[in-house]
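Per-entry structural report
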Amino acid sequence: MRGLIIKDLKLLKSQRMFLIVVAAGSILFLINGSDPGFVFSYVSAMFSLLVITTISFDEENNGMSFIMTLPVSRKKYVLEKYVFGVLLQLVIFVCGTAVFTVIMAVKQTGSETLLWTELLAQLMMVSAVVQSVTIPVQLKFGASKSRLALMLVFLCFAAAVYGTEKIGTVLGIDLEDIWYRLQMIKPQTVMAGIFILAAVMLGISCAVSVRVMKQKQF
């Protein structure tokens, strides 16, 4: 698996300008007082999409057929993509912590541990959702059809959110009150719940991706 991770890191060299632009833009937004939650969620989503970029590179010029001739099983190939995605998020976490600490020190607003806990929770959920959806879709449909499939998936997700809001209104359920009560939960409990939910989502997605990969013909 280490060899596959090294391969993906080398593939991302062609994306270094994109990474520099995203990082520089995020720092400028934070310095100018933009919502840290939005900035870190955006960066997390962008880094999560880099995983499917490596899959696209692997599929170019029958590259996947060559990879499958190496001592690498289809299951190990899929697992590496999820491990690589987690490693990218760890990079965001470490770099984000350093940047956030420096900015808070410059502004002299204190450590604001609770705020950073909320940001970390958002980062974990965004990463889990994006990777859980994009990896199996990319493996199933390939680079040519995956964009349309992803658009349909996220449209369905948006429709589900909108439908939930409408159903809550019809049934007389105060969703804002529920959201307020959720915010009253201890940060440690929230983080534990999000960690478990993210792990379950990624686990289910990984199982689906392995099944898709085993059915593909190269």
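Residues numbered from 1 in each chain as written. Predicted model: local features only at pLDDT ≥ 70, side-chain atom pairs only at ≥ 80, totals over all residues. Heavy atoms only, no water.

Let's shift gears to the overall build of the protein. The helix and strand inventory of the protein stands at eight helices and zero strands. Ordered by position from the N terminus, the helices and strands of the protein form the series α-α-α-α-α-α-α-α. Looking at the protein as a whole, 35% of its 218 residues qualify as buried. Of all intrachain contacts in the protein linking residues separated by at least 6 positions in sequence, the fraction that spans at least 24 positions is 80%. When the accessible surface of the protein is totalled, it reaches about 13400 Å², and 71% of it is carbon and sulfur. (Helix = DSSP H or I, 4+ residues; strand = E, 2+ residues; numbered from the N terminus. Buried < 20%, exposed > 50% of the residue type's maximum accessible area, 1.4 Å probe, protein only. Contact = heavy atoms within 4.5 Å. Areas by Shrake-Rupley, 256 points an atom, 1.4 Å probe, with all protein chains shown as cover.)

This brings us to the nonpolar core. Counting residues in hydrophobic clusters, the biggest one holds 26 residues, and the most contacted among them are Tyr77, Val78, Leu88, Leu139 and Met213. If you list the elements that add at least two residues to this core, you get helix H1 (2–11), helix H3 (36–59), helix H4 (63–67), helix H5 (74–107), helix H6 (113–171) and helix H8 (187–215). The biggest single contributor to this core is H5, with six residues. Every residue in contact with Tyr77, bar those within four places of it in the chain, is listed here: Leu4, Ile55, Asp58, Met64, Ile67, Met68, Val72, Leu139 and Met213. (Core = buried A, V, L, I, M, F, W, Y, C linked by side-chain atoms within 4.5 Å.)

This next bit is on the confidence of the model for the protein. On average, the protein scores 76 in pLDDT, and the residues at 70 or more come to 71%. Across the protein, the element-wise mean pLDDT spans from 65 in helix H7 (residues 175–183) up to 85 in H1. (pLDDT = per-residue confidence, 0-100.)

Turn by turn, an α-helix covers 3.6 residues, leaving residues three or four places apart pointing in a common direction. Taken as a whole, H1 has its buried residues at Leu4, Ile5 and Asp8. All buried residues of H1 fall inside an arc of 100° around its axis, so they share one side. Opposite the buried face of H1, by more than 90 degrees, sit the exposed residues Arg2 and Lys10. (Arc of directions from axis to C-beta.)

Right, let's talk about the side chain of Gln138 for a bit. With respect to the secondary-structure elements, Gln138 resides in helix H6. Looking at Gln138, the relative accessible area reads 2%, which means it is buried.

The next point concerns the environment of Glu80. Summarising the element assignment, Glu80 is placed in helix H5. In the structure, Glu80 is positioned 75 residues away from Ile5 in sequence and 6.9 Å away in space, judged by C-alpha atoms. Excluding residues within four positions of it along the chain, Glu80 makes contact with Met1, Leu4, Ile5 and Asp8.

Using the criterion set out here, one finds six salt bridges in the structure. Across the pair Lys7 and Asp58 runs a salt bridge, and its minimum N-O distance is 2.9 Å. Placement of Lys7 in helix H1 and of Asp58 in helix H3 is noted, with a sequence separation of 51 residues between them. Judged by relative accessible area, Lys7 falls into the partly exposed class, the value being 22%. The partner of Lys81 in a salt bridge is Asp8, with the nearest N and O atoms 3.0 Å apart. Of this pair, Lys81 sits in helix H5 while Asp8 sits in helix H1, and the two are 73 residues apart along the sequence. Taking the relative accessible area as the measure of exposure, Asp8 reaches 0% and is therefore buried. (Salt bridge = Lys/Arg side-chain N within 4 Å of Asp/Glu carboxyl O.)

This brings us to the side chain of Thr54. Turning to its location among the elements, Thr54 is positioned in helix H3. Its relative accessible area of 0% is what places Thr54 among the buried residues. In this structure the side chain of Thr54 is engaged in a polar contact, spanning 2.5 Å, whose partner is the backbone oxygen of Val51. Residues within four places of Thr54 in sequence aside, it is in contact with Asp8, Leu11, Leu12, Lys81 and Phe84. (Polar contact = N/O pair within 3.5 Å; in protein donor to acceptor, adjacent residues only side chain to side chain.)

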